[in-house]
Amino acid sequence: MKERYKRIERFLNACTQLAEGKYNAADSTISEMLAAIAESRDLTGLFTAVTYGFDYAKAKQRYLRFPAEKGAAHGTAYLPSERDEVLAFVFCVLVELDGGAMRLGDFLLRYFYVDGSYTASYIAFADRMVRPFMNIVRDCFPKVSRNVAGGVQSREEIFSKLAVCVASEQARLATFALREEEEAAATILLTELSFAAKRQDVAETSALLTGYKYFLRYFAGESEESTELFALGEEL
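A short tour of the structure in this document, coming up.

## Let's talk about the overall build of the protein chain
And then number 1: What the protein chain contains, in helices and strands, is twelve helices and two strands.
And then number 2: Relative to the globule expectation of 18 Å for 236 residues, the C-alpha radius of gyration of the protein chain, 19 Å, shows essentially globular dimensions.
And then number 3: Over its C-alpha atoms, taken along the principal directions, the protein chain stretches across nearly 60 × 35 × 35 Å.
And then number 4: Residues counted as buried form 46% of the 236 residues belonging to the protein chain.
And then number 5: By sequence separation, contacts in the protein chain at least 24 residues apart represent 68% of the contacts at least 6 residues apart.
And then number 6: Per element, the accessible surface of the protein chain, about 12,200 Å² overall, is 50% carbon and sulfur.

Following this line, the structure appears as structure tokens:
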């Protein structure tokens, strides 16, 4: 358990460094973030789930925009409205930056332009893209976040975390050799749980979590990851 949390904390610490650090250290920090994801089964599962079926090429056209007039040198970056798509989109951006498909400096001046300054443009990038991404990931791992930040969560925060954590649980279940009827039951439970969390329906969410807990016990599928999910339910 402790090693598992350390791997997630390594990633969150790198996120903080990217959000609060300097432009000239950003490339190495992005590499550190991606290395931390590769080291953590929790993080790998999360980003596998949110990027499954995600059309990054289409997302770039939608969220990295230039003005309509020809010859515009500077555009604007937006984030998707859905939290899982924010994770998928920013993750893919970071992978491109780390792989060299986009240079960070060019990316900043193209989509986060502030007075031609790399430093000022980087601050805009950190505030508008890195921090929202980091906060959503923190929400997926409440125990780690509480250890780092402390404090009492609101009901809205709990539901937001539940909605994203369900995606991670769906990815985890995909690794089991379930029978067809078991797979169908899991799909129904987790789909309805996601909908209930988005509606912030306490009664239905609690009922579905109870049913899902017994479903996991049926084939000994409980784990540290599912324990996180049920811990959130207990806070409602």
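## Comments concerning the pattern of salt bridges
And then number 1: This structure, assessed with the given rule, holds 13 salt bridges.
And then number 2: Of the charged contacts, one joins arginine 131 and aspartate 127 as a salt bridge, the two residues approaching to 3.0 Å between their closest N and O atoms. Of this pair, arginine 131 and aspartate 127 both sit in helix 7 (residues 118-140), four residues apart, which is roughly one turn of that helix.
And then number 3: Accessibility expressed as a relative area gives 28% for arginine 131, which makes it partly exposed.

## What about the nonpolar core?
And then number 1: Counting 73 residues, the largest nonpolar core has Phe11, Phe47, Leu87, Phe89, Phe107 and Phe133 as its most contacted members.
And then number 2: Once residues within four sequence positions are removed from consideration, phenylalanine 107 is found in contact with Leu64, Val93, Leu97, Met102, Phe112, Phe125 and Met129.

## A short note on the packing of helix 3 (residues 41-51) against helix 9 (residues 155-173)
And then number 1: With their axes 8 Å apart at the nearest point, helix 3 and helix 9 run at an angle of 100° to one another. Classed by the angle they form, the pair helix 3 and helix 9 counts as roughly perpendicular. Here Asp42, Gly45, Leu46 and Ala49 of helix 3 come into contact with helix 9, specifically with Val164, Ala167, Ser168 and Ala171.
And then number 2: A breakdown of the residues in the contact of helix 3 with helix 9 according to their chemical character gives five nonpolar, two polar and one charged.

## Some thoughts on unusual backbone geometry
And then number 1: Its identity is not glycine, yet aspartate 115 carries a phi of approximately 55°, on the positive side.
And then number 2: Positionally, aspartate 115 belongs in the loop between helix 6 (104-111) and helix 7.
And then number 3: On the basis of relative accessible area, aspartate 115 is assigned to the exposed category, the value being 70%.
And then number 4: If you check the backbone angles, glutamine 200 has positive phi at about 60° while not being a glycine.

## Focus: the layout of surface pockets
And then number 1: The space that makes up the largest pocket amounts to roughly 1,000 Å³.
And then number 2: Lining the largest pocket are 42 residues, with Ala49, Val166, Ala167, Ser168 and Gln170 sitting closest to its centre.
And then number 3: Those elements giving two or more residues to the lining of the largest pocket turn out to be helix 3, helix 5 (83-99), helix 9 and helix 10 (180-199).
And then number 4: Of the residues forming the lining of the largest pocket, the biggest block, twelve residues, is contributed by helix 9.
And then number 5: Along the lines of polarity and charge, the residues of the lining of the largest pocket split into 19 nonpolar, twelve polar and eleven charged.

## Describing the environment of arginine 10
And then number 1: Considering the arrangement of structural elements, one finds arginine 10 in helix 1 (residues 2-20).
And then number 2: For the pair arginine 10 and alanine 36, spaced 26 residues apart in sequence, the C-alpha separation works out to 6.3 Å.
And then number 3: If we ignore the near neighbours within four places in the chain, the residues touching arginine 10 are Glu32, Ala35, Ala36 and Glu39.

Scoring rules and cut-offs
Positions within a chain are numbered from 1, following the residues in the order the chain's sequence is written. A pLDDT threshold of at least 70 governs which residues receive local features in this predicted model, and a stricter bar of 80 or more applies before side-chain atom pairs are shown or counted, although totals over entire chains, interfaces and linings include all residues. Working from all heavy atoms in the structure, the side-chain values ignore hydrogens and water. Secondary structure counts use DSSP, requiring at least four H or I residues in a row for a helix and at least two E residues in a row for a strand, with both numbered from the N terminus. Note that the radius of gyration is over C-alpha atoms, with the globule rule given as 2.2 Å times the number of residues to the power 0.38. Note on exposure labels: buried denotes an accessible area under 20% of the residue type's maximum, exposed denotes more than 50%, and partly exposed covers the range between, all computed with a 1.4 Å probe on protein chains only. What makes two residues a contact is simply this: any of their non-hydrogen atoms within 4.5 Å. Residue exposure ignores everything except the shown protein chains as possible cover, and the areas themselves are Shrake-Rupley values with a 1.4 Å probe. Within this document, salt bridges are pairs made up of a side-chain nitrogen of Lys or Arg and a carboxyl oxygen of Asp or Glu, the two lying within 4 Å of each other. To form a nonpolar core, buried Ala, Val, Leu, Ile, Met, Phe, Trp, Tyr and Cys residues must be joined to one another through side-chain atoms within 4.5 Å. Helix axes are fitted to C-alpha atoms over the stretch in contact, other axes to C-alpha atoms as well, and angles between N-to-C directions run from 0 to 180 degrees. Any angle between 65 and 115 degrees counts as roughly perpendicular, while under 35 counts as roughly parallel, over 145 as roughly antiparallel, and the rest as oblique. Only Asp, Glu, Lys and Arg are considered charged, only Ala, Val, Leu, Ile, Met, Phe, Trp, Tyr, Cys and Pro nonpolar, and every remaining residue, Gly among them, polar. In the cavity and pocket records, a cavity denotes points on a 1 Å grid over the protein atoms alone where a 1.4 Å probe fits but cannot get out, a pocket denotes an open set with protein on both sides within 12 Å along at least 5 of 7 lines, and lining residues are residues with an atom within 4 Å of a point. Grid points are joined across faces, edges and corners, and a volume is the space filled by probe spheres set on the points.

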